[in-house]
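# Residue-level structural notes
Residue-level listing of the chains:
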Amino acid sequence: MQDLLALRDLSSAKVTHLLDLAQTIKQDPGAWQNHLQGKSIALLFEKPSLRTRASFAAGIHRLGGHSIYLDAANLMGSREPAADVGANLALWHDAIVARVFSQATLDELAQASDKPVINALSDICHPCQAMADLLTLTEQLGDLSKVTLTYLGDGNNVCQGLMSGAALVGMTFQIVTPKGYEPDAEALAHAQSVATTNGGSVTLHHDFNDLQRTDAIYTDTWFSMGQERDSNAVMHDFAPFQVNMDLMQQLGASYFMHCLPAYRGREVTAEVIDGPQSLVLHQAENRLHAQNAILVELLTGAQA
Ligand code: CP
Ligand code: NVA
């Protein structure tokens, strides 16, 4: 494993290993406090972040490493090409964590840098989020191959990251979107093929009545950062896709998930996201543990 640009680049065994490692580190953090000693990691963010930035900074510190934060003003395009940024950062740092508008920027960074590059959210996926979500589902429900997860809403970066992860662990993953907001067709077909290999399934729907019962419902904002969409059209198209108690009951869902930030009263009601079935803070907490497993694997190759 050289980089983490997208989960679809990983094997099923690698994802399982990273989830095991995340649980091991979470259970005994003291045993891992020197694993990144003397290492420095650059956090590059072209877009805003609370969870990703703060959890990487805290997680790196807990592993004995050091991080610096670089915002958009210093970065690709506005000041110098991504390739120059990557080549320079690799001179002083042991890894680059980057949140970017375009996946192509990650590819350029990774090509120019001989140090690992980790995707902290791009236009097409959010692998660190998906790993934290799989960790959360493992903690709550155990064997992921027996879990049904339903992603409802926009077929965006979060949906696509989760779709890849779900396929690799053999989950039953149902996606339901308004027409015109599906995940990328090639990414969907790839995930469907990977899911079949692993004994799971990935299905795309537009009608709630086509869905089977689910363990958890996952949704995300209808307006992702960097998207230019007609807000009236989006509000109209997504209105039936709000997650509320009626929908939770209709689908038999025990749990609600959201990557955050969330917009109460839009994609989810306050009753659901702030209620006992909500896993959102578990997901947010697990960002740190999942990312620390990724960092340990990339920087030290340690075994769980
Ligand atoms: N879920 C997530 O990535 O949150 P931030 O945008 O706050 O980092
Ligand atoms: N889909 C959202 C996720 C934020 C963590 C976005 O890209 O803005």
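The protein goes by Ornithine carbamoyltransferase in an unreviewed UniProt entry, where it is assigned to Pseudidiomarina halophila. In its Sequence similarities (unreviewed entry) section, the UniProt entry covering the protein states "Belongs to the aspartate/ornithine carbamoyltransferase superfamily. OTCase family." Recorded under Catalytic activity (unreviewed entry), the UniProt text for the protein is reproduced unchanged: "carbamoyl phosphate + L-ornithine = L-citrulline + phosphate + H(+)".

Before going further, it helps to spend a moment on the domain arrangement of the protein. For the protein, the assigned domains are domain 1 (7–126 + 287–298) and domain 2 (130–283). Taken over C-alpha atoms, the centre of domain 1 sits 24 Å from the centre of domain 2. Listed as interface residues are 23 residues of domain 1 and, on the opposing side, 20 residues of domain 2. Secondary-structure elements contributing two or more residues to the side of domain 1 that touches domain 2 are helix H1 (12–27) and helix H11 (280–300). If one sorts the elements of the side of domain 1 that touches domain 2 by residue count, H1 sits on top with six residues. Taken together, the residues of the side of domain 1 that touches domain 2 break down into 13 nonpolar, five polar and five charged.

With that settled, consider the packing of helix H3 (residues 82–92) against helix H4 (residues 103–112). Packing of H3 against H4 leaves a shortest axis separation of 7 Å and a crossing angle of 40 degrees. Classified by the interaxial angle, the pair formed by H3 and H4 is oblique. Two packed elements cross with a definite hand, and for H3 against H4 that hand is right-handed. Of the residues in H4, those touching H3 at Ala82, Ala83, Val85, Gly86 and Ala87 are Thr105, Glu108, Leu109, Gln111 and Ala112.

For the rest of this paragraph, the subject is the packing of helix H6 (residues 157–168) against helix H7 (residues 185–197). Axis separation between H6 and H7 bottoms out at 7 Å; the angle between their running directions is 20 degrees. One way to sum up the angle between H6 and H7 is to call them roughly parallel. Note on packing geometry: the crossing formed by H6 with H7 is left-handed. Across the interface between the two elements, Gln160, Met163, Ser164, Ala167 and Leu168 of H6 pack against Ala187, Leu188, Ala191, Val194 and Ala195 of H7. Looking at the contact of H6 with H7, its residues break down into eight nonpolar, two polar and no charged.

So, how was this worked out
Residues numbered from 1 in each chain as written. Chains lettered and ligands numbered in written order. Predicted model: local features only at pLDDT ≥ 70, side-chain atom pairs only at ≥ 80, totals over all residues. UniProt positions renumbered as here; feature names shortened; annotations may be inferred. Domains from an automatic or database assignment. Contact = placed C-beta atoms within 7 Å. Helix = DSSP H or I, 4+ residues; strand = E, 2+ residues; numbered from the N terminus. Nonpolar A, V, L, I, M, F, W, Y, C, P; charged D, E, K, R; others polar. Axes fitted to C-alpha atoms, helices over the stretch in contact; angles between N-to-C directions. Parallel < 35°, antiparallel > 145°, perpendicular 65-115°, else oblique. Left-handed = near helix turned anticlockwise from the far one by under 90°.

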